[in-house]
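# Geometric and topological summary
Chain by chain, the residues run as shown.
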Amino acid sequence: MITLYDLAGAEDDRRFSPYCWRAKMALKHKGLEFETVPWRFTEKDAIAFSGSKTVPVIRDGSTVVADSWNIAVYLDQAYPSRPGLMDGAAMVALTDFFQQWTIRSPQLALFKVILLDIFERIHEKDKAYFRESREKRFGMRLEEWAGDPKQALAAFRGALEPVRPVLVQNRFVSGHGPGYADYVLLGMFQWARCVSPTRLLEPDDPVYAWRERVLDLFDGYARAAKGYPVWA
Ligand SMILES: N[C@@H](CCC(=O)N[C@@H](CS)C(=O)NCC(=O)O)C(=O)O
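The following paragraphs examine the structure supplied in this document. (Residues numbered from 1 in each chain as written. Predicted model: local features only at pLDDT ≥ 70, side-chain atom pairs only at ≥ 80, totals over all residues.)

## Some words on the overall build of the protein
The helix and strand inventory of the protein stands at 10 helices and 4 strands. Counting helices and strands in the order they occur from the N terminus, the protein gives β-α-β-β-β-α-α-α-α-α-α-α-α-α. The globule rule puts the C-alpha radius of gyration for 232 residues at 17 Å, and the 17 Å found for the protein is close to it. Dimensions of the protein, computed from the C-alpha atoms along their principal axes, are close to 50 × 45 × 30 Å. Within the protein, the proportion of its 232 residues that are buried is 34%. In the protein, of all internal contacts separated by at least 6 residues, the share reaching a separation of at least 24 is 71%. (Helix = DSSP H or I, 4+ residues; strand = E, 2+ residues; numbered from the N terminus. Rg over C-alpha atoms; globule rule 2.2 N^0.38 Å. Buried ≥ 20, exposed ≤ 12 C-beta atoms within 10 Å, placed from the backbone. Contact = placed C-beta atoms within 7 Å.)

As structure tokens, then:
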């Protein structure tokens, strides 16, 4: 049984990390059994064994892997006979590009939309650390960085523009069937949905229909997460 350290909010079952969602969907895709351990930002000691200060971290027997990208690559290497997250070196390289783009473009834009909702939903013991570390990163108060919510939402929707033609042509970012790129994008949406009531997409957006398809995978695993409903 694989163990995954998974970021939790104030409640143990509010699991909102986009990177942990990538790992959970990857484990589901591989059909591997796993258990999750709720973890908070300030519980660095609990994952010190991994050498990482961030989650996701997995323990698979005697193997420990930290970082969502490393976990995806590891799972395909360690379990080659199970469904592939990324088939072949070319797809690994292109998916790496896709995850780097996601972090720097739509996910960064979305951070502004949901930042204050995240702050509200995290555990009390994490609040001072979260505010201090993020304000140091942004060089300003959280409230200032978040800015105007309408503008932030418009920027997020605009940042998704490159995936729209792809999702009109194909059912999934990875083509006919879901792959790791889909879980990268879904992780971002789960991050938002688990903490924020903001309606991110209009139902006629091709990204909306794609999100429905991914939420339905694995018997609706991601849909069942504690969070706000997907607005219809
Ligand atoms: N590159 C890492 C990033 C992971 C990451 O930033 N995780 C956040 C939760 S979403 C975290 O653990 N943060 C701890 C902290 O900020 O101290 C990955 O892909 O796994």
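## Some details on the site of the ligand
The ligand sits among 13 residues. The nearest are S17, Y19, T54, D67 and S68. Listed by contribution, the elements that provide at least two residues to the shell around the ligand are α1 (18-30) and α2 (68-78). For the shell around the ligand, the per-class residue count stands at 7 nonpolar, 4 polar and 2 charged. (Near = placed C-beta within 6 Å. Nonpolar A, V, L, I, M, F, W, Y, C, P; charged D, E, K, R; others polar.)

## Points about unusual backbone geometry
Following V55, the chain continues into P56 via a peptide bond in cis, with omega recorded as 10 degrees. Following the sequence through the fold, P56 ends up in the loop between β2 (34-39) and β3 (57-60). Located in the positive-phi region is D67, a residue other than glycine, with phi close to 90 degrees. Structurally, D67 is set in the loop between β4 (63-66) and α2. Among the residues examined, D67 registers 18 C-beta atoms within 10 Å and is labelled partly exposed.

## Examining the sheet that holds strand β1 (residues 2-7)
Pairing is mixed in the open sheet, where 4 strands are placed in the order β2-β1-β3-β4. With one partner strand each, in any of the chains shown, β2 and β4 form the two edges of the open sheet. With direction set aside, neighbouring strand axes in the sheet form an average angle of 20 degrees. Both β1 and β3 contribute to a ladder of 3 bridges, which runs antiparallel. Bridge pairing in β3 places L4 opposite I58. Running at roughly 150 degrees to β1, α1 makes contact with β1, β2 and β3 of the sheet. (Pairing = 2+ DSSP bridges. Axes fitted to C-alpha atoms, helices over the stretch in contact; angles between N-to-C directions.)

## Observations concerning the pairing of β4
With 4 bridges joining them, β3 and β4 adopt antiparallel strand pairing. In the sheet register, V57 faces β4, and the bridge partner there is A66. Adjacent in sequence and paired antiparallel, β3 and β4 are bridged by 2 residues, among which G61 carries a positive phi angle near 60 degrees.

## Section: the nonpolar core
The biggest cluster of nonpolar side chains holds 51 residues, and the ones touching the most others in it are A23, A26, Y180 and L186. The biggest single contributor to this core is helix α9 (residues 180-195), with 12 residues. With sequence-adjacent residues up to four places away left out, A23 is seen in contact with L4, P56, I58, S68 and I71. (Core = buried A, V, L, I, M, F, W, Y, C linked by C-beta atoms within 7 Å.)

## Side note on the environment of E144
Here E144 shows up in helix α6 (residues 142-146). We classify E144 as exposed; it has 10 C-beta atoms within 10 Å.

## Quick word on the packing of helix α4 (residues 106-121) against helix α7 (residues 149-159)
Interhelical geometry of α4 versus α7 gives an angle of 160 degrees and a closest axis separation of 8 Å. As far as their axial angle goes, α7 and α4 are roughly antiparallel. The crossing of α4 and α7 is left-handed. Across the interface between the two elements, P106, A109, L110, K112 and V113 of α4 pack against P149, A152, L153, A155, F156 and A159 of α7. A breakdown of the residues in the contact of α4 with α7 according to their chemical character gives 10 nonpolar, no polar and 1 charged. (Parallel < 35°, antiparallel > 145°, perpendicular 65-115°, else oblique. Left-handed = near helix turned anticlockwise from the far one by under 90°.)

## Some thoughts on the packing of α1 against α2
Taken N-terminus to C-terminus, the directions of α1 and α2 make an angle of 10 degrees; their axes are 9 Å apart at the nearest point. Judged by the inter-axis angle, α1 sits roughly parallel to α2. Each of Y19, R22, A23, A26 and K30 in α1 lies in contact with α2, whose residues at this interface are S68, I71, A72 and L75. Its residues placed into classes, the contact of α1 with α2 shows 6 nonpolar, 1 polar and 2 charged.

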